[in-house]
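# Coordinate inspection notes
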Amino acid sequence: MAKALNEGLRAAMAADEKVLLMGEDIGTLGGVFRVTEGLKAEFGENRVLDTPLAESGIIGTAIGLAMRGFRPVCEIQFDGFIFPGFDQITSQLAKLTFRHEGSQTFPVVIRVPYGGHIGAVEHHQESPEAYFAHTPGLRVIAPATSHDAYWMIQEAIRSNDPVLFFEPKSRYWQKGEVDRAAQETGMHASRVVRAGTDATLVGHGAMVSVLLSAAEIAAEEGTSLEVVDLRSLSPIDYGPLLASVQKTGRLVVAQEAPGHASVGSEVAATIAERAFYSLQAPVLRVSGFDTPFPPAKLEGAYLPDADRVLEAVDRALAY
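This is a predicted model, so every value here is computed, not measured.

We now examine the packing of helix α1 (residues 2–15) against helix α7 (residues 146–158). Taken N-terminus to C-terminus, the directions of α1 and α7 make an angle of 30°; their axes are 8 Å apart at the nearest point. In this view, α1 runs roughly parallel relative to α7, as classed from their interaxial angle. In this structure, α1 crosses over α7, and the sense of that crossing is right-handed. In this structure, α1 uses A4, L5, E7, G8, L9, A11 and A12 to contact α7, whose residues at the interface are S146, A149, Y150, I153, Q154 and I157.

Counting 43 residues, the largest nonpolar core has I110, L164, L241, V267 and I271 as the members making the most contacts within it. Those elements that place two or more of their residues in this core are β1 (19–23), α3 (55–67), α4 (86–93), β4 (109–114), β6 (163–168), α9 (239–248), β11 (251–258) and α10 (263–274). Top element by residues in this core is α3. It accounts for five residues. Setting aside its immediate chain neighbours within four residues, L164 contacts I82, I89, I110, V112, F132, L138, R139, V140 and I141. Residues A149, I153, I157 and Y172 belong to the second largest nonpolar core, which totals 27 residues.

We now examine helix α12 (residues 306–318). Compared with the 18 Å implied by 1.5 Å per residue over 13 residues, the 18 Å span of α12 between its first and last C-alpha is a close match. Buried within α12 are the following residues: A306, V309, L310, A312, V313 and A316. Viewed along the axis of α12, the buried residues span an arc of 155°, placing them on a single side of the element. More than 90 degrees from the buried face of α12, the exposed residues found are D307, D314 and A318. Lining the buried residues of α12 we find β8 (199–203), α8 (207–220), β9 (225–229), β11 and β12 (284–288).

Let's shift gears to the packing of aromatic side chains. For any two aromatic rings, the description comes down to two numbers: the centre-to-centre distance and the angle of the planes. Across all of its chains, the model carries 15 aromatic pairs by this definition. When the ring of F132 is compared with that of F166, the centres are 6.2 Å apart and the planes differ by 40°; the resulting orientation is tilted. With a gap of 34 residues between them, F132 in helix α6 (residues 129–133) and F166 in strand β6 connect regions that are remote in the sequence. An identical accessibility class is assigned to F132 and F166; each is buried. Here the aromatic cluster, defined as three or more aromatic residues joined through ring pairs, consists of F83, F86, Y114, Y131, F132 and F166. Just above the ring of F70 sits the side chain of K18; from NZ or CZ to the centre is 4.5 Å.

For the bond running from S234 to P235, omega is 0°, close enough to zero to count as cis. Its location among the elements puts P235 in the loop between β10 (232–234) and α9. Even without being a glycine, H123 presents a positive backbone phi close to 75°. Here H123 is to be found in the loop between β4 and α6. Residue H123 is classed as partly exposed on the basis of its relative accessible area, which comes to 38%.

What follows is about the pairing of strand β3 (residues 71–75). Most of β3 sits out of view: five of its five residues are buried. Residues R71, V73 and E75 of β3 are buried on one face, and the alternating residues P72 and C74, pointing to the opposite face, are buried as well. Here β1 runs beside β3; their pairing, made up of five bridges, is parallel. Bridge assignment links G23 to a residue of β3, and that residue is E75.

Attention now moves to the sheet that holds β11. The mixed open sheet is built from five strands, whose spatial order is β7-β9-β8-β11-β12. Of all the strands in the sheet, just β7 (191–194) and β12 have a single pairing partner and so form its edges. Geometrically, the sheet is characterised by an average inter-axis angle of 25° between neighbouring strands, direction not taken into account. Here β11 pairs with β12 via four bridges, running parallel. Residue pairing in the sheet places A254 in a bridge with V286 of β12. Sheet contacts for α9: β7, β8, β9 and β11; angle to β8, the most-contacted strand, approximately 155°.

Applying the stated criterion to the full structure yields 14 salt bridges. Note that E7 is salt-bridged to K3, the shortest N-O span being 3.4 Å. Here E7 pairs with K3, and both are found in helix α1, just four residues apart, close to one helical turn. Of the residues examined, E7 reaches a relative accessible area of 18% and is grouped as buried. For E226, the salt bridge is made with K247, and the minimal N-O distance between the two is 2.5 Å. Here E226, found in strand β9, pairs with K247, found in helix α9; they are 21 residues apart in sequence, far enough to count as distant. Under the relative-accessibility criterion, E226 is labelled buried at 3%.

Scoring rules and cut-offs
Residues numbered from 1 in each chain as written. Predicted model: local features only at pLDDT ≥ 70, side-chain atom pairs only at ≥ 80, totals over all residues. Heavy atoms only, no water. Axes fitted to C-alpha atoms, helices over the stretch in contact; angles between N-to-C directions. Helix = DSSP H or I, 4+ residues; strand = E, 2+ residues; numbered from the N terminus. Parallel < 35°, antiparallel > 145°, perpendicular 65-115°, else oblique. Left-handed = near helix turned anticlockwise from the far one by under 90°. Contact = heavy atoms within 4.5 Å. Core = buried A, V, L, I, M, F, W, Y, C linked by side-chain atoms within 4.5 Å. Buried < 20%, exposed > 50% of the residue type's maximum accessible area, 1.4 Å probe, protein only. Expected span 1.5 Å × (residues − 1). Arc of directions from axis to C-beta. Phe/Tyr/Trp six-rings, centres within 6.5 Å; stacked < 30°, edge-to-face > 60°. Lys NZ or Arg CZ within 6 Å of the ring centre and 35° of its normal. Pairing = 2+ DSSP bridges. Salt bridge = Lys/Arg side-chain N within 4 Å of Asp/Glu carboxyl O.

Shown next, in the form of structure tokens:
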């Protein structure tokens, strides 16, 4: 996925000279995860900018650049580092187009490596996506595959609205095919990635691979699970998910983030409202616990895995 993102950024920069990259150590080093590796040498230091350690300054500068016609792509080095820039994102960037009654656009992309599974320390394994999905004026998306990462980063950069682009860092090293000739499906379209009949599993980012693993295990035991990749957290495309629940009658929502007031909560509530008469069991949620992210040696107990997902499936099927 890291290489796919790199190629997607390269394609976007080649297509539009107003696209520029900003972030801590993204130029000469190529970023902590090497997502921007080689881009400074190819496009120059005026388009790949190494910034100070000041997330508020990065976002504030990007807002000013967007006002002058540029399309800045900001990297937040780790998920937990986004909070010094939170005010700029939620109080300014999210509201400026509305404040200008649509006469001014702010095409800023904020790349956020997020989530666990890498054994890192505090502030390096968080899942803060719900804060931004809750904020009107921001688009929030999260690819789960290399193919989606390649295409969705380009779509995000072309958007005239601010986009929070959450990258599941545990997927950076996983290999997957990228079809450069494919037609884009739209960065807000959810998608069924595995067909099934007995229950529906839905998630985003790194959780999709966990759900697919759970579905494989269930299939060996004779249970057919359908898996839906949300891809977009704001707005959410409920069409494929509603169609799936209407077919299976059961839904398990999974995420790495804590469960309280989360994206999973919103999905569960909406499906309960819009597909009530199709449900044969309550919508069940599997999530991280409502605690700060634990030390690395305990992340395996904190993060949802296939066993926790299948335990929820068993409860849904028992109704």
